Amino acid sequence: MFQPKRVKYRKTHRGRRAGRAITGNQVDFGDYALKATAVSWVTARQIEAGRRAITRHLRRGGKVWIRIFPDKPITNKPAETRMGKGKGNVEEWVAVVKPGRVIYEVAGIQEKLAKEALWLASQKLPMGTTIASKAENLSA
């Protein structure tokens, strides 16, 4: 499971999620990519599920890049606990994904196979996505 080896602070504020992705919004490594069209928190488990879906569909061919990393700790208080007594324990790690952010990239495979694999990965994610290609990058 993805999570940072060390962090400066164990628990963080929830933060704001408005706006578009400023960095990581270009297809840099592969030929085809899965881009977010909405704001969401993507958990480490969801990232891994998407990666597995892609690699299984490609039958371990081609190359896959994961362009997001879950570096935000999410805490939860136990059920039926009274208010107060501090912030809860870290339960999971999430990546904050904004519209336009590239999540996965693939290369070294045919276009049809790449699009099918990325569609399968999109079914594992909690937000809307679109499939982009390197050719769209060059023309824009």
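Keep in mind that this is a model prediction, so the values were computed, not measured.

Peer 1: Tell me about the sheet that holds strand β4 (residues 72-76), and please be specific about residues and values.
Peer 2: As summarised here, the arrangement of the three strands in space is β2-β5-β4, forming an open sheet in which the pairing is antiparallel. At either margin of the open sheet sits one strand with a lone partner, and together these are β2 (40-43) and β4. Each strand of the sheet is rotated relative to its neighbour by a mean of 50 degrees, with strand direction disregarded. In terms of strand pairing, β4 meets strand β5 (residues 89-97) through five bridges, oriented antiparallel.

Peer 1: I'd love a proper account of helix α1 (residues 44-57), names of residues and values included.
Peer 2: End to end, α1 covers 20 Å across 14 residues, agreeing with the expected 20 Å (1.5 Å per residue, within 8%). Where the residues of α1 are buried, they touch β2, β3 (63-66), β5, β6 (102-107) and α2 (111-122).

Peer 1: Quick rundown of the packing of aromatic side chains? Include the residues and the values.
Peer 2: In this structure the tally under the stated criterion is two aromatic pairs. Ring plane angle 65 degrees and centroid distance 6.2 Å describe the contact between F2 and F69, whose orientation is recorded as edge-to-face. Of this pair, F2 sits in the segment before β1 (32-36) while F69 is found in the loop between β3 and β4, placing the two residues 67 residues apart along the sequence. Under the relative-accessibility criterion, F2 is labelled partly exposed at 26%. On the numbers, 5.9 Å between centres and 20 degrees between planes, the contact of F29 with W65 is stacked. Here the residue F29 occupies a position in the segment before β1, and W65 occupies one in strand β3, the gap between them amounting to 36 residues. Over the ring of W41 we find R17, and its NZ or CZ is 5.1 Å from the ring centre. Lying across the ring of W65, K63 places its NZ or CZ 5.1 Å from the centre.

Definitions and limits used
Residues numbered from 1 in each chain as written. Predicted model: local features only at pLDDT ≥ 70, side-chain atom pairs only at ≥ 80, totals over all residues. Heavy atoms only, no water. Pairing = 2+ DSSP bridges. Helix = DSSP H or I, 4+ residues; strand = E, 2+ residues; numbered from the N terminus. Axes fitted to C-alpha atoms, helices over the stretch in contact; angles between N-to-C directions. Expected span 1.5 Å × (residues − 1). Contact = heavy atoms within 4.5 Å. Phe/Tyr/Trp six-rings, centres within 6.5 Å; stacked < 30°, edge-to-face > 60°. Buried < 20%, exposed > 50% of the residue type's maximum accessible area, 1.4 Å probe, protein only. Lys NZ or Arg CZ within 6 Å of the ring centre and 35° of its normal.

Honestly, that's just the spatial picture; any functional story needs more than this.
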